[in-house]
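# What the coordinates show
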Amino acid sequence: MTAKAPHGRISGVFEAEFADLPTDDALVDRIKWTVLARVILLTAVLAFAVAIDLGLGPQPAPRVPETGLYSLTTAFYLASFVALLVTHLLRRSRWLARLASASICIDVFLALSLVAVTDGLQSVFLFAFPLAVLNSSLLLYRVGAVAAASLSLVGLVSVAALELGWLPWTLDNVRVGWLNAVAQRPPMTAFEVATQLL
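Here's what I pulled together on the structure shown here.

About the thresholds
Residues numbered from 1 in each chain as written. Predicted model: local features only at pLDDT ≥ 70, side-chain atom pairs only at ≥ 80, totals over all residues. Heavy atoms only, no water. Helix = DSSP H or I, 4+ residues; strand = E, 2+ residues; numbered from the N terminus. Buried < 20%, exposed > 50% of the residue type's maximum accessible area, 1.4 Å probe, protein only. Areas by Shrake-Rupley, 256 points an atom, 1.4 Å probe, with all protein chains shown as cover. Salt bridge = Lys/Arg side-chain N within 4 Å of Asp/Glu carboxyl O. Expected span 1.5 Å × (residues − 1). Phe/Tyr/Trp six-rings, centres within 6.5 Å; stacked < 30°, edge-to-face > 60°. Lys NZ or Arg CZ within 6 Å of the ring centre and 35° of its normal. Contact = heavy atoms within 4.5 Å. Patch = residues over 30% accessible without salt bridge, like charges linked within 9 Å, V, L, I, M, F, W, Y side chains within 5 Å. Axes fitted to C-alpha atoms, helices over the stretch in contact; angles between N-to-C directions. Parallel < 35°, antiparallel > 145°, perpendicular 65-115°, else oblique. Left-handed = near helix turned anticlockwise from the far one by under 90°. Nonpolar A, V, L, I, M, F, W, Y, C, P; charged D, E, K, R; others polar. Core = buried A, V, L, I, M, F, W, Y, C linked by side-chain atoms within 4.5 Å.

## Comments concerning the overall build of the protein
From N to C terminus, the protein includes 7 helices and 0 strands. Helices (α) and strands (β) of the protein occur, in sequence order from the N terminus, as α-α-α-α-α-α-α. For the protein, with 198 residues in total, the buried portion stands at 35%. Carbon and sulfur atoms make up 70% of the accessible area of the protein, which totals about 11,300 Å².

Here it is, written out as structure tokens:
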């Protein structure tokens, strides 16, 4: 049984896309796999934060623990647990496609959060955006991939606008402590931002 598109809301072009969505059982399995991928990424981030706190990185151990990364990983671990619980409870429901969409948003927001706290466009976690798009394509095929790519683009452009100072906020307040201890880097030029985005 394939997932059905809402009647009268979607044009004929998108009806074919929604008609090809996975069945309920397949979608439940795919949601579980994408949550597992998210948990693996979160575990790597947690190991990264612990290594920094122990002084195993290029800089000596910071005086203040990396509570920002710990808080971030804890929040997304909880979101992943809730997603698994809701998936189990709504196993045979019309809400599964919405839950898959929520999972896509969680993955993109995780990528954006990691990039924001770990040095913006020069972050080592920029790979989380393509990973979110890959997970989304596994969940909802082309529709999911396009949605995740669009959200990722909006997130990256927002970070670029912050880097250029076009927005009144700054990422310096949310950056992890060891990056602030390394050195304050000058603001990026428009050319540097463009090359980072490409």
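Moving on from the model shown.
## Considerations on the pattern of salt bridges
This model, assessed by the stated rule, comprises 1 salt bridge. A salt bridge links Asp-107 to Arg-38; the nearest nitrogen and oxygen atoms lie 2.6 Å apart. Of this pair, Asp-107 sits in helix α4 (residues 96-117) while Arg-38 sits in helix α2 (residues 24-53); the two residues are 69 residues apart in sequence, bridging distant segments of the chain.

## Some points on α2
Taking 1.5 Å of rise per residue, the 30 residues of α2 would be expected to cover 44 Å, and the 43 Å separating its terminal C-alpha atoms lies within 8% of that figure. Buried residues of α2: Leu-27, Val-28, Ile-31, Thr-34, Val-35, Arg-38, Leu-41, Leu-42, Val-45, Ala-49 and Ile-52, and no others. Gly-55 lies just past α2 and shows a positive phi near 80°.

## Quick look at the packing of aromatic side chains
By the definition in use, this model includes 3 aromatic pairs. Between Phe-76 and Phe-109 the ring centres are 5.9 Å apart and the planes differ by 45°, which places this aromatic pair in the tilted class. Separated by 33 residues along the polypeptide, Phe-76 in helix α3 (residues 67-89) and Phe-109 in helix α4 bring together distant segments of the chain. The class for Phe-109 is partly exposed, based on a relative accessible area of 49%. Where Phe-125 meets Phe-127, the ring centres are 6.0 Å apart and the plane angle is 45°; that geometry is what we call tilted. For Phe-125, a relative accessible area of 6% puts it in the buried group. Ring-pair connections join several aromatic residues into one group, and the members of that group are Phe-48, Phe-125 and Phe-127. When the ring centre of Trp-95 is taken as origin, the NZ or CZ atom of Arg-98, which lies over that ring, is 4.7 Å away.

## Overview of the environment of Gly-120
Turning to its location among the elements, Gly-120 is positioned in the loop between α4 and α5 (128-164). The contacts of Gly-120, once residues within four sequence positions are left out, are Val-115, Leu-126, Val-159, Glu-163 and Leu-171.

## Here we look at a nonpolar patch on the surface
Residues Phe-81, Val-82, Leu-85 and Leu-89 make up a contiguous nonpolar surface patch of roughly 410 Å² in combined accessible area. Position of Phe-81 among the secondary structure elements: in helix α3.

## Some words on the packing of α2 against α5
Between two packed helices, what matters for the description is the angle formed by their axes and the separation of those axes. Taken N-terminus to C-terminus, the directions of α2 and α5 make an angle of 165°; their axes are 9 Å apart at the nearest point. In terms of orientation, α2 lies roughly antiparallel with respect to α5. In this structure, α2 meets α5 at a crossing whose hand is right-handed. Across the interface between the two elements, Leu-27, Arg-30, Ile-31, Thr-34, Ala-37 and Leu-41 from α2 touch Ala-128, Leu-131, Asn-135, Leu-138, Leu-139, Leu-140 and Tyr-141 from α5. Residue composition of the contact of α2 with α5, grouped by class: 10 nonpolar, 2 polar and 1 charged.

## Structural notes on the packing of α2 against α4
For the pair α2 and α4, interaxial distance at closest approach is 10 Å and the crossing angle is 15°. Taken together, α2 and α4 sit at an angle that is classed as roughly parallel. Regarding α2 and α4, the two cross each other, and that crossing is left-handed. Counted together, Asp-24, Leu-27, Val-28, Ile-31, Thr-34, Arg-38, Leu-41, Leu-42 and Val-45 of α2 and Leu-96, Ala-97, Leu-99, Ala-100, Ser-103, Ile-106, Asp-107, Leu-110 and Leu-114 of α4 form the full contact between these two elements.

## A few points about the nonpolar core
Counting residues in hydrophobic clusters, the biggest one holds 21 residues, and the most contacted among them are Leu-69, Leu-72, Leu-110 and Leu-114. Sorting the residues of this core by element identifies α2, α3, α4 and α5 as the ones contributing at least two each. Among the elements that take part in this core, α4 stands out by supplying 6 residues, more than any other. Not counting the four nearest positions on each side in its chain, Leu-114 is found in contact with Leu-41, Val-45, Leu-72, Ser-123 and Phe-125. Residues Val-28, Leu-96, Leu-99 and Ala-100 belong to the second largest nonpolar core, which totals 14 residues.

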